[in-house]
Amino acid sequence: MSKPTKSTPAYTSPAGGWGALKSSAKHLIKSENAAKNVKALLRANQPGGFDCPGCAWGDAPKAGKVDFCENGVKAIAWEATSKRVDADFFQQHSITELQQWDDHSLEKSGRLTQPMFFDGKNDHYQAITWDDAFSIIANNLKKLPSPNEALLYTSGRASNEAAYLYQLFGRVLGTNNFPDCSNMCHEASGIGMTSSLGTGKGTVTMADFDEADAIFVFGQNPGTNHPRMLGTLRKASKRGATIVSINNLQERGLQQFLDPQSPKEMILFTGTNISQYYFTPKLGGDMAILRGVAKLLLERFEHDKSVLDNEFIAAHCHNFAAYQHSVTATPWQQIIDQSGLTKADIEQITDIYASKKKVIFTWAMGITQHKHSVATIQELVNVLLLRGNIGKLGAGACPVRGHSNVQGNRTVGINEKPSTAFLDALEKQYSFKPPRENGLNTVESLQAMLSGQAKVFIALGGNFSAATPDTTRTYQALQQCDLTVQISTKLNRSHVITGKQALILPCLGRTEIDNQNSGEQCITVEDSMSMVHSSTGQNEPASQHLRSETAIVAGIAKAAVGEDVINWTNLMSDYSLIRHDISKVLPDFSDFNQRIKIGRGFHLENKAAQRQWKTRSSKAEFSSALLPEQLAHEVAQAYTEKPILTLQTLRSHDQYNTSIYGMDDRYRGIYGERRVVFVNAEDMIKQQLKNGDKVKITTVSNDNIVRSINDFKIVEYAIPQGCAAAYYPETNPLVPLESTADNCGTPTYKSIAVTFDKL
Ligand SMILES: Nc1nc2c(c(=O)[nH]1)N[C@H]1C(S)=C(S)[C@@H](COP(=O)(O)OP(=O)(O)OC[C@H]3O[C@@H](n4cnc5c(=O)[nH]c(N)nc54)[C@H](O)[C@@H]3O)O[C@H]1N2
Ligand SMILES: Nc1nc2c(c(=O)[nH]1)N[C@H]1C(S)=C(S)[C@@H](COP(=O)(O)OP(=O)(O)OC[C@H]3O[C@@H](n4cnc5c(=O)[nH]c(N)nc54)[C@H](O)[C@@H]3O)O[C@H]1N2
Ligand SMILES: [Mo]
């Protein structure tokens, strides 16, 4: 197990606690709308209130108890700012000028208030009516020789209703080109789990966390990205469950947490220890750890038959023999080299795992954004299967989603590779022929734009230009489009990196009241535990010109494909009609409108959790992939003489993806800056670098493209040798477009081979 080194983060208080309260208060006050925000917060994640737009962690089941966190406060305050980006703003600032602003300054300018058009001639966006905006989109779409030259991106904040209408529009138009943020996020979890378990979703609910004997947290930083999960882990830890963290960095939130919602802890200033065990592998080393655990379990099984759940394996699993063979064939030296842990560490992990009856594995981007992510997720599942840890209370697989409704978006059809069953259901419900060939994912969409095969880009939320890899080429791709359209709440990079023409369509946020012809509307979302619940905005809209995402999608659809097949006007006037349609197309949503009225909604059935396997063999599949022959730095060594580090790109405590709330990363001891790179002391000596030195970081690749970012400050940090870390999106220019996960297409944001040049 890793010992804290001399360069452990400067933050020594528990995560949460007074630091979190102080920071929440600061962000509330800075939002200049403090009273409104406090009122809004009390409605977050409550029956009749709105679903926090912060993250996709499940809700605490107790109604009436406040259920928000420091970073939820930031998300809500960020949306409810009193600042406005209106037509005057765009008159004052040209697009060329705005391109020079940093991401923080762009978003901080405030909420977008009215539709704006860049006509390709004048360097300023100009006000436009909604109808004219819809006509411009329709004309551009109609001009395309094929509907497959259109790309319909979705970020995971859109409601189920808006997302459903959006995919329906695309399919009536004739394309399955639905690149989405999932392609950059948990895609590998969906692919790996579907092949192994027949479901792409987590198999646990909140009730399982109350029963688990042990919870293993892989490649995830909940203290920042899912703070409400720390409440769940705290509760589990307090009742004696063992929590094991496996993370490249020693994240503060995974060590100690002081719950700001516990008066006793706050007054006594005594946090709860979260992880009893903490292991810090090399980047991309998790599959090797898991393979080591499997190897030990199989060895121990020779003497002790209780080590594996034989009955479960015999009754429910397929391909066990092939897996055994693959495990036996994996040498220990490879396991140790790739994981960066010792054999004793792996023995200890195995001891803990084998001594617990009910175990949950959770994971996030530290697992999903590597070249061998799919195989790693399949190995997580393999190890769970060995001891029957799927489909019993207190056990299971839990990919912790990112955006608050990214899981729901997929459920209702945002998928470039839709299932035949889903398309059949659409065809039956609406009597039209949806396109059957697969569409393009995020990286493929960029490639299609670059090669001139895609010309119109529409984004339902998000910040595509900043979130995607290979920034220089991404910009070029977008700039080659005839038209780029952004449906957004706040100004961001994607509004100023435009196609030949561009539209900004400003929408209501999750926290705002949504009035349509039939009255006030609620929307629905699905969290990481597959709980579907309704969300009703409370705040007055930021501007009277805003439309809801659903109404904007309906407006585009009506102009582009007319109302012969679908009556868009009708559907947008009353969202319960959309939910009615969803219940017809997706059987799991039967009685949708009724079921969301009860408590905090309903659970979507998960067959794997009931030990029914929707796989080819109708059993849970052991996957027998071998460990990768080489990791990123080993591959890169052939292309340079210089010392190579593997860089992971991650989130600071003061950001939500590309939305930069502030310049601090409290738990990692960083204040007032973001252009920093965390490096191990030994590597600094090897490269003759000192704390505070400025470096140029360059990607090592063999494609003759130079990818460099300048002016990054070296920070000595407790990180395994050979690894480095820096914030996204500043580092996105380093990620080659072609560097994607095998069988999945997710950019390898967590393992980029780089070199440093001292400036
Ligand atoms: N406040 C806030 N909340 C958020 C977000 C946000 O930006 N801000 N983003 C949302 C979204 S879309 C997502 S997807 C999630 C992201 O949630 P996370 O996945 O927690 O996000 P990252 O910051 O990318 O952190 C990755 C973590 O994995 C570790 N790690 C990296 N590589 C490896 C590895 O190879 N092995 C292991 N074992 N660990 C590794 C890193 O040290 C880090 O702790 O959060 C969601 N919630
Ligand atoms: N290097 C690197 N790159 C990464 C990652 C990484 O770890 N490293 N992580 C990847 C991951 S996991 C993800 S999910 C993607 C995120 O990619 P995206 O989802 O595309 O990006 P966000 O930054 O979440 O989008 C922020 C913008 O969304 C808009 N917005 C906010 N709320 C709403 C709303 O309610 N409705 C609408 N219509 N718009 C809204 C605002 O205008 C805001 O500027 O980034 C990926 N990129
Ligand atoms: Mo994400």
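All values reported here derive from a predicted model rather than from experimental measurement.

Student: Sorry if this is basic, but what is going on with the overall build of the chain here?
Tutor: For the chain, the helix and strand inventory stands at 33 helices and 31 strands. At 25 Å, the chain has a C-alpha radius of gyration in line with the 27 Å of a compact globule built from 759 residues. Principal axes of the C-alpha set define a box for the chain whose edges measure 75 × 60 × 55 Å. Sorting the 759 residues of the chain into buried and exposed places 63% on the buried side. Across the chain, every contact between residues at least 6 apart in sequence was considered, and the portion connecting residues at least 24 apart equals 79%. Total accessible area on the chain stands at roughly 26800 Å², and carbon and sulfur atoms take up 51% of it.

Student: I keep staring at the layout of surface pockets and nothing clicks. Help me out?
Tutor: In this approach a probe as big as a water molecule rolls over the atoms, and the regions it shows empty are the leftover space. Here the largest pocket is characterised by a volume of approximately 1500 Å³. As for the largest pocket, its lining consists of 38 residues, of which Thr 194, Gly 200, Lys 201, Asn 415 and Ser 419 are closest to the centre. Those elements that provide at least two residues to the lining of the largest pocket are helix 9 (187–197), helix 22 (406–411) and helix 23 (420–430). Looking at side-chain class alone, the lining of the largest pocket contains 12 nonpolar, 16 polar and 10 charged residues.

Student: How do you make sense of the site of ligand 1 when you look at a structure like this?
Tutor: Neighbouring ligand 1 are 31 residues; Asn 247, Glu 251, Asp 286, Gln 655 and Asn 657 lie closest to it. Residue Asn 221 places a main-chain N or O atom 2.8 Å away from an oxygen atom belonging to ligand 1. Within the side chain of Asn 247, an N or O atom sits 2.7 Å from an oxygen atom of ligand 1. About the coverage of ligand 1: the protein hides 99% of its 920 Å² of free accessible area. Contributing elements (two or more residues each) for the shell around ligand 1: helix 11 (222–225), helix 20 (365–368), strand 24 (645–650) and strand 25 (655–656). Tallied by class, residues from the shell around ligand 1 come to 10 nonpolar, 17 polar and 4 charged. Here the shell around ligand 1 spans two domains, since at least three of its residues come from each of domain 2 (187–400) and domain 3 (632–758).

Student: Help me out: how do you make sense of the pattern of salt bridges in this one?
Tutor: Two side chains that carry opposite charge are able to pair once their charged atoms sit near each other. Enumeration over the complete set of coordinates arrives at 34 salt bridges. Among the ionic pairs, Glu 211 bridges to Lys 358, the shortest N-O distance being 3.8 Å. Of the two residues, Glu 211 is situated in helix 10 (residues 206–211) and Lys 358 in the loop between helix 19 (343–355) and strand 13 (359–363); the sequence distance between them amounts to 147 residues. For Glu 211, a relative accessible area of 34% gives the class partly exposed.

Student: Explanation requested: the sheet that holds strand 15 (residues 456–460) in the structure shown.
Tutor: Consider a sheet: its strands pair through backbone hydrogen bonds, and that pairing is either parallel or antiparallel. Strand order across the open sheet formed by 6 strands is 5-4-17-16-15-6, with mixed pairing between neighbours. Among the strands making up the open sheet, the edge pair consists of strand 5 (126–127) and strand 6 (150–154). Note that strand 6 and strand 15 share 5 bridges and pair parallel. Bridge pairing in strand 15 places Tyr 153 opposite Ala 459. Running over the sheet, helix 7 (residues 130–143) touches strand 4 (116–118), strand 6, strand 15, strand 16 (483–488) and strand 17 (501–506) and is turned about 135° from strand 17.

Student: Any chance you could explain the sheet that holds strand 9 (residues 256–258) here in plain terms?
Tutor: Spatial strand order, 1-9-10: 3 strands in an open sheet with mixed pairing. One side of each edge strand has no neighbouring strand; the edge strands of this open sheet are strand 1 (15–16) and strand 10 (272–273). Relative to strand 10, strand 9 runs antiparallel, the two sharing 2 bridges. Its bridge partner lying in strand 10, Gln 256 is registered against Asn 273.

Student: Any chance you could explain unusual backbone geometry here in plain terms?
Tutor: With glycine set apart, most residues show a phi of negative sign, and most peptide bonds adopt trans. Residue Pro 729 is bonded to the preceding Tyr 728 through a cis peptide linkage, with omega at 5°. Among the structural elements, Pro 729 can be located in the loop between strand 30 (723–727) and strand 31 (752–758). The residue Ser 530 is not glycine, and still its phi comes out positive at about 65°. With respect to the helices and strands, Ser 530 occurs in the loop between strand 20 (523–526) and strand 21 (531–535). Since its relative accessible area comes to 1%, Ser 530 is described here as buried.

Student: I tried to follow the confidence of the model for the chain on my own but got confused; where do I start?
Tutor: For residues with low pLDDT, the predicted coordinates do not support detailed interpretation. Residues of the chain with pLDDT of at least 70 account for 94%, and the chain-wide mean is 93. Low pLDDT, under 50, characterises residues 1–8; the predicted model gives this stretch 19 contacts beyond four residues in sequence or across chains.

Student: Hey, could you run me through the nonpolar core in this one?
Tutor: One broad rule of soluble globular proteins: the nonpolar side chains tend to lie buried together. Counting residues in each nonpolar core, the largest one holds 62 residues, and the members touching the most others are Leu 503 and Leu 505. Residue contributions to this core peak at 8 residues, all from helix 8 (residues 160–173). Apart from the residues within four sequence positions on either side, Leu 503 is in contact with Met 116, Phe 117, Ile 128, Ala 133, Ile 136, Ile 137, Leu 483, Thr 484, Val 485 and Gln 486. One finds Ala 188, Met 193, Phe 361 and Phe 622 within the second-largest nonpolar core, a separate group that totals 56 residues.

Student: Explain helix 17 (residues 320–329) here, please?
Tutor: Think of an α-helix as turning once every 3.6 residues; residues three or four places apart then point the same way. All of the buried residues in helix 17 are Phe 320, Tyr 323, Ser 326 and Val 327. Projected down its long axis, helix 17 shows its buried positions confined to an angular sector of 125°, all on one face. Among the exposed residues of helix 17, those pointing more than 90 degrees away from its buried face are Ala 321, His 325, Thr 328 and Ala 329. Where the residues of helix 17 are buried, they touch helix 15 (286–301), helix 16 (310–316), strand 12 (317–318) and helix 21 (373–386).

Student: Is there a simple way to explain the site of ligand 2 in this structure?
Tutor: Lining the immediate surroundings of ligand 2 are 31 residues, of which Glu 107, Tyr 153, Ser 155, Glu 549 and Thr 658 lie closest. A distance of 2.8 Å is found between an oxygen atom of ligand 2 and a side-chain nitrogen or oxygen belonging to His 403. With the chains in place, 97% of the 920 Å² that ligand 2 exposes on its own is no longer accessible. Of the residues contributing to the shell around ligand 2, the split by class is 11 nonpolar, 14 polar and 6 charged. If you count residues domain by domain, the shell around ligand 2 takes at least three from each of domain 1 (111–181 + 406–608) and domain 3 (632–758).

How each quantity is defined
Residues numbered from 1 in each chain as written. Chains lettered and ligands numbered in written order. Predicted model: local features only at pLDDT ≥ 70, side-chain atom pairs only at ≥ 80, totals over all residues. Heavy atoms only, no water. Helix = DSSP H or I, 4+ residues; strand = E, 2+ residues; numbered from the N terminus. Rg over C-alpha atoms; globule rule 2.2 N^0.38 Å. Buried < 20%, exposed > 50% of the residue type's maximum accessible area, 1.4 Å probe, protein only. Contact = heavy atoms within 4.5 Å. Areas by Shrake-Rupley, 256 points an atom, 1.4 Å probe, with all protein chains shown as cover. 1 Å grid on protein atoms, 1.4 Å probe; cavity = no way out; pocket = protein on both sides within 12 Å on 5 of 7 lines; lining within 4 Å. Points joined across faces, edges and corners; volume = space filled by probe spheres on them. Nonpolar A, V, L, I, M, F, W, Y, C, P; charged D, E, K, R; others polar. Near = heavy atom within 4 Å. Polar contact = N/O pair within 3.5 Å; in protein donor to acceptor, adjacent residues only side chain to side chain. Domains from an automatic or database assignment. Salt bridge = Lys/Arg side-chain N within 4 Å of Asp/Glu carboxyl O. Pairing = 2+ DSSP bridges. Axes fitted to C-alpha atoms, helices over the stretch in contact; angles between N-to-C directions. pLDDT = per-residue confidence, 0-100. Core = buried A, V, L, I, M, F, W, Y, C linked by side-chain atoms within 4.5 Å. Arc of directions from axis to C-beta.

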